[in-house]
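What follows is the residue order along each chain.
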Amino acid sequence: MKIAGHPILSAAALLLASSAAVAAQPASPVVENAWIRMLPGDLPAAGYFDLRNRSDASRKLVSADSPAFMMTMLHQSSEQNGQSQMQHVDDVALPAHGVVHFAPGSYHLMLMQAKNPLTVGEHIPVSLQFSDGSSVKVEFVVRPAGASGP
Ligand SMILES: [Cu+2]
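Per an unreviewed UniProt entry, the protein chain goes by Copper chaperone PCu(A)C and derives from Solimonas terrae.

Draft legend 1. Structural view of the overall build of the protein chain. Along the backbone of the protein chain there are one helix and 10 strands. In the protein chain, the succession of helices and strands from N to C terminus is α-β-β-β-β-β-β-β-β-β-β. Among the 150 residues that make up the protein chain, the fraction classed as buried is 34%. The long-range fraction of contacts in the protein chain, counting pairs at least 24 apart against all pairs at least 6 apart in sequence, stands at 65%. A total of about 8900 Å² of accessible surface is found on the protein chain, and carbon and sulfur atoms cover 57% of it.

Draft legend 2. Examining the coordination of the copper ion more closely. Protein coordination at the copper ion: the donors are H75 (ND1), M86 (SD), H108 (NE2) and M110 (SD), at 2.0 to 2.2 Å from the metal. One can describe the donor arrangement at the copper ion as tetrahedral, given that its four donor atoms subtend angles of 98 to 118° at the metal. Donor residues for the copper ion sit on one chain with the sequence pattern H-x10-M-x21-H-x1-M. Taken together, the positions of H75 in strand β4 (residues 69-80) and M110 in strand β8 (residues 107-114) put the pair 35 residues apart, joining distant regions of the chain. In this structure, H75 and M110 share a single accessibility class: buried.

Draft legend 3. Representation of the pattern of salt bridges within the structure. This model, assessed by the stated rule, comprises two salt bridges. Close ionic contact of E32 with R52 constitutes a salt bridge, the shortest N to O distance being 3.2 Å. Residue E32 is found in strand β1 (residues 30-37), and its partner R52 is found in strand β2 (residues 45-52); the two are separated by 20 residues along the sequence. Owing to a relative accessible area of 34%, R52 belongs among the partly exposed residues under this scheme. With its nearest N and O atoms 2.8 Å apart, the salt bridge here joins D132 to R59. In this pair, D132 is assigned in the loop between β9 (123-130) and β10 (135-143) and R59 in strand β3 (residues 59-65), connecting sequence segments 73 residues apart. Since its relative accessible area comes to 46%, D132 is described here as partly exposed.

Draft legend 4. View of the pairing of β2. A large share of β2 lies buried, amounting to seven of its eight residues. As paired strands, β1 and β2 are joined by six bridges and run antiparallel to one another. Note on β2: the bridge partner recorded for R37 is A46. Looking at chain direction, β2 and β8 are connected through three bridges and run antiparallel. Of the residues in β8, the one forming a bridge with G47 is L109. The pairing of β2 with strand β7 (residues 99-102) spans four bridges and is classified as antiparallel.

Reading the values: the criteria
Residues numbered from 1 in each chain as written. Predicted model: local features only at pLDDT ≥ 70, side-chain atom pairs only at ≥ 80, totals over all residues. Heavy atoms only, no water. Helix = DSSP H or I, 4+ residues; strand = E, 2+ residues; numbered from the N terminus. Buried < 20%, exposed > 50% of the residue type's maximum accessible area, 1.4 Å probe, protein only. Contact = heavy atoms within 4.5 Å. Areas by Shrake-Rupley, 256 points an atom, 1.4 Å probe, with all protein chains shown as cover. Donors = N, O, S within 2.8 Å, 3.2 Å for Na, K, Ca; no water. Tetrahedral: all angles 85-135°; square planar, octahedral: opposite > 155°, others 65-115°. Salt bridge = Lys/Arg side-chain N within 4 Å of Asp/Glu carboxyl O. Pairing = 2+ DSSP bridges.

Here it is, written out as structure tokens:
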């Protein structure tokens, strides 16, 4: 009896194999409290959120992009000699079961050259890419310049 060649049995075996593969993949990072601070004129907007890793595997956020902006960069603000400044970072480490806060004065997405003027309350799609090749799509809500949270 040739079980291996049986079309139904092989299909079932394939199905089992693929569902096992899905279950073995670590859960995707979760994004919470995603918002964009809109600034006047042509100034870039900043994207803030909490990034939660529910898995046993550490990851890195390596890039982000949004169809609403020409360019999106990972930035980190810091204080140097009482002056606030920011710099581009290549990636942001996300420890296993850790949370990283993208917040004013710290990490943020720098959203440059909006393709259309932003409106307060509008939702902007952003995709976050991770070091394992996975990505997460998130809707950011637009808030005015004076806002301190979503
Ligand atoms: Cu910045």
